[in-house]
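Observations on the model geometry
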Amino acid sequence: MTYKHAHYGERIGSYMGEPIFASIDAPEGHFVFDRLARYVDDGYPLDQLRRGEVMSPAGVVYRLAD
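Residues numbered from 1 in each chain as written. Predicted model: local features only at pLDDT ≥ 70, side-chain atom pairs only at ≥ 80, totals over all residues. Heavy atoms only, no water.

1. Considerations on the overall build of the protein
- Broken down by element type, the protein carries zero helices and seven strands.
- Over its C-alpha trace the protein gives a radius of gyration of 11 Å, about what one expects of a compact globule, namely 11 Å for 66 residues.
- Projected onto its principal axes, the C-alpha coordinates of the protein cover approximately 30 × 25 × 20 Å.
- By the burial criterion, 33% of the 66 residues in the protein qualify as buried.
- Taking contacts inside the protein between residues at least 6 apart in sequence as the whole, the part at least 24 apart equals 39%.
- If you average the places of the 7 positive and of the 10 negative side-chain charges in the protein, the two averages end up 2 Å apart. (Helix = DSSP H or I, 4+ residues; strand = E, 2+ residues; numbered from the N terminus. Rg over C-alpha atoms; globule rule 2.2 N^0.38 Å. Buried < 20%, exposed > 50% of the residue type's maximum accessible area, 1.4 Å probe, protein only. Contact = heavy atoms within 4.5 Å. Lys, Arg positive; Asp, Glu negative; His and termini not counted. Charge placed at Lys NZ, Arg CZ, Asp CG, Glu CD.)

2. Details of the packing of aromatic side chains
- If you walk through the whole model with that rule in mind, you get three aromatic pairs.
- When the ring of Phe-33 is compared with that of Tyr-62, the centres are 6.1 Å apart and the planes differ by 75 degrees; the resulting orientation is edge-to-face. Remark: Tyr-62 occurs in strand 7 (residues 60-64) and Phe-33 occurs in strand 5 (residues 29-36); sequence separation between them is 29 residues.
- Among the residues examined, Phe-33 registers a relative accessible area of 27% and is labelled partly exposed.
- Of the residues examined, Tyr-62 reaches a relative accessible area of 2% and is grouped as buried.
- Centroid distance Tyr-39 to Tyr-44: 5.1 Å. Interplanar angle 75 degrees. Geometry classified as edge-to-face. (Phe/Tyr/Trp six-rings, centres within 6.5 Å; stacked < 30°, edge-to-face > 60°.)

These figures capture arrangement, not role.
If you want it as structure tokens, here you go:
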């Protein structure tokens, strides 16, 4: 996801010092907060993601809205 040109929705919380937004509008589409990823062995494995999902460096997962 292109965070540089993204527009963020309402802040609904924070996790690991990073804000959690209800939604993110990016050139790739409209994403909504889905869940927090599981931390495993010093990171967040990408195999936790499903099609149409993106993850922030802190493990916040957003899914492409229908």
